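Next come the chains, spelled out residue by residue.
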Amino acid sequence: MDVKSTNASAILADPAPMNKSRLGIFSRLFPYSQSGPSISTNGVHSVTNKKAAKLDDVRSNGWLDAMKSSSPPRKKVHKEFNTIDIVSDDSEIAYQSWMIKYPSALNSFKIIMNRARNRKLVMFLDYDGTLSPIVDDPDRAFMSSNMRSAVKSVAKYFPTAIISGRSRDKVYELVGLTELYYAGSHGMDIMFPAKDIMSGNHLNCVKSTDSEGKEVNLFQPASEFITMINEVFRTFVKITKDIKGAKVENHKFCVSVHYRNVDENSWPVIAQLVHDILKDYPRLRLTHGRKVLEVRPVIDWDKGKAVEFLLESLGFSNQGDVLPIYIGDDRTDEDAFKVLRKEDRGYGILVSAVPKESNAFFSLRDTSEVQDFLDFLVRMAEDANTLERRAEPYGYDTD
Ligand SMILES: O=P(O)(O)OC[C@H]1O[C@H](O[C@H]2O[C@H](CO)[C@@H](O)[C@H](O)[C@H]2O)[C@H](O)[C@@H](O)[C@@H]1O
């Protein structure tokens, strides 16, 4: 495995574009092909009138079911000792049998490393639920300092990118490591240093400068939607202001409407309000995250496309030389898992404490197992480096 140090430079706030040529972006991005459990308001309009009337109600069009199943239930604390045993045994048995299909990435570490032999490992990490535990307040989803130093160490040896549903600025603020690549808004906002372009035609990239004046590449395939997203954001803030616990976030190219802290009886209300607004925006669509409704442009771009784009842009398009690994917990991460599963390109690792169907290959139970996995990677890279250093004077081949 190639463990040479990487050197991504600082990627900070949004720069002003220097070169506006975005040849062919939109012809390539449309038409949108929907994957996963997302519901396009377009689709709602295209059914017959009778059906449309029915689908107009969020109780019957699947939104509510998706909302209810959008995040694993919190662990219940049962007072009676026997009840605890029965509940945890049952769920543990279910989890263990699920792991036959999605083995632990920790237990499978050797298999992963064997596959990584003579290849460059490239790491892709989701943020919420992967690097930081899911918490009630999205503004307080901090990663631990141990996790931060694990990610920092991983990035010393392997090119590492964060791909988040949050805005790029926000996720950078939360992670705070300059040595990574950042993709925000589910991959619709990617910035990377100009010097890292090695291959590809990059017609859709704009040359720009970052907040420190360094030349960077900026890829924002949904830039024409910024005004629309701002407008929808303001509307959502207005219509949800009286719903206790509702929270709306503007991620520049997408908007999140959180209902984690909303009384379950009000979920149909919040869903219906969002649904009704989206009827006026056929170029926006809805996807379901963890107790969050996510509204984004109808373009053929997602976290999977972002992974492919970054691999190509960073010069890793030759599949034989590279082993991409993507760790994520959410439905939106499935698009990236699919890309890696296709043609056996790399490994998706699903972070989940409950059994669920996935396109990932392996699993990790929670963020602390993610940290263990990252620590394993670092230790292995350090060992490989030490071995190489010791063998060098004698001319030994350490492969
Ligand atoms: O792609 P990600 O980095 O995983 O971002 C997805 C969403 O993450 C955040 O919401 C989720 O985490 C919150 C904090 O733990 C939690 O309160 C919320 O219920 C989760 O849905 C973020 O706030 C969203 O905007 C992102 O889309």
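Just so it is clear, the model here is predicted, and its values are computed rather than measured.

What counts as what
- Residues numbered from 1 in each chain as written.
- Predicted model: local features only at pLDDT ≥ 70, side-chain atom pairs only at ≥ 80, totals over all residues.
- Heavy atoms only, no water.
- Helix = DSSP H or I, 4+ residues; strand = E, 2+ residues; numbered from the N terminus.
- Buried < 20%, exposed > 50% of the residue type's maximum accessible area, 1.4 Å probe, protein only.
- Contact = heavy atoms within 4.5 Å.
- Areas by Shrake-Rupley, 256 points an atom, 1.4 Å probe, with all protein chains shown as cover.
- Near = heavy atom within 4 Å.
- Polar contact = N/O pair within 3.5 Å; in protein donor to acceptor, adjacent residues only side chain to side chain.
- Salt bridge = Lys/Arg side-chain N within 4 Å of Asp/Glu carboxyl O.
- Phe/Tyr/Trp six-rings, centres within 6.5 Å; stacked < 30°, edge-to-face > 60°.
- Lys NZ or Arg CZ within 6 Å of the ring centre and 35° of its normal.

Focus on the overall build of the protein chain
Here is step 1 of the chain: Of the regular secondary structure elements, the protein chain holds 13 helices and 14 strands.
Here is step 2 of the chain: Taking all 399 residues of the protein chain together, the buried fraction comes to 51%.
Here is step 3 of the chain: Within the protein chain, contacts between residues separated by at least 24 positions form 69% of all contacts whose residues are at least 6 apart in sequence.
Here is step 4 of the chain: When the accessible surface of the protein chain is totalled, it reaches about 18500 Å², and 52% of it is carbon and sulfur.

So, the site of the ligand
Here is step 1 of the chain: Taken together, 22 residues lie around the ligand, and V135, E249, R260, R290 and E294 are the ones closest in.
Here is step 2 of the chain: The backbone of V135 places a nitrogen or oxygen atom 2.5 Å from an oxygen atom of the ligand.
Here is step 3 of the chain: In this structure, an oxygen atom belonging to the ligand sits 2.7 Å away from a side-chain N or O atom of K303.
Here is step 4 of the chain: In isolation the ligand has 570 Å² of accessible area, and contact with the protein removes 99% of it.
Here is step 5 of the chain: If you list the elements that add at least two residues to the shell around the ligand, you get β9 (255-258) and β11 (292-297).

Overview of the pattern of salt bridges
Oppositely charged side chains are able to pair whenever their charged atoms sit close together.
Here is step 1 of the chain: Scanning all chains against the criterion turns up 20 salt bridges.
Here is step 2 of the chain: The salt bridge partner of K303 is D333, with a shortest N-O separation of 2.8 Å. Pair noted here: K303 is in helix α11 (residues 303-313) and D333 is in the loop between β12 (322-328) and α12 (334-341), with a separation of 30 residues, a long-range link. When sorted by exposure, K303 lands in the same class as D333, which is buried.
Here is step 3 of the chain: Linked through salt bridges whose partners overlap, the residues forming this network are D126, K303 and D333.

Focus on the packing of aromatic side chains
In this description, a pair of aromatic rings is defined by centroid distance and the angle of the planes.
Here is step 1 of the chain: Applying the stated criterion across every chain, the model contains 16 aromatic pairs.
Here is step 2 of the chain: Ring geometry for Y157 against F158: centres 6.3 Å apart, planes inclined by 55 degrees, an arrangement best described as tilted. Taken as a pair, Y157 and F158 share a single burial class, namely buried.
Here is step 3 of the chain: Taken together, the aromatic side chains of F192, F219, W301 and F309 make up a single cluster linked through ring pairs.
Here is step 4 of the chain: Cation over ring: R115 sits above Y347, and NZ or CZ is 5.1 Å from the ring centre.
Here is step 5 of the chain: Sitting over the face of the ring of F361, R341 holds its NZ or CZ atom 4.4 Å from the ring centroid.

Such coordinate-based values are descriptive only and should not be taken to indicate function.
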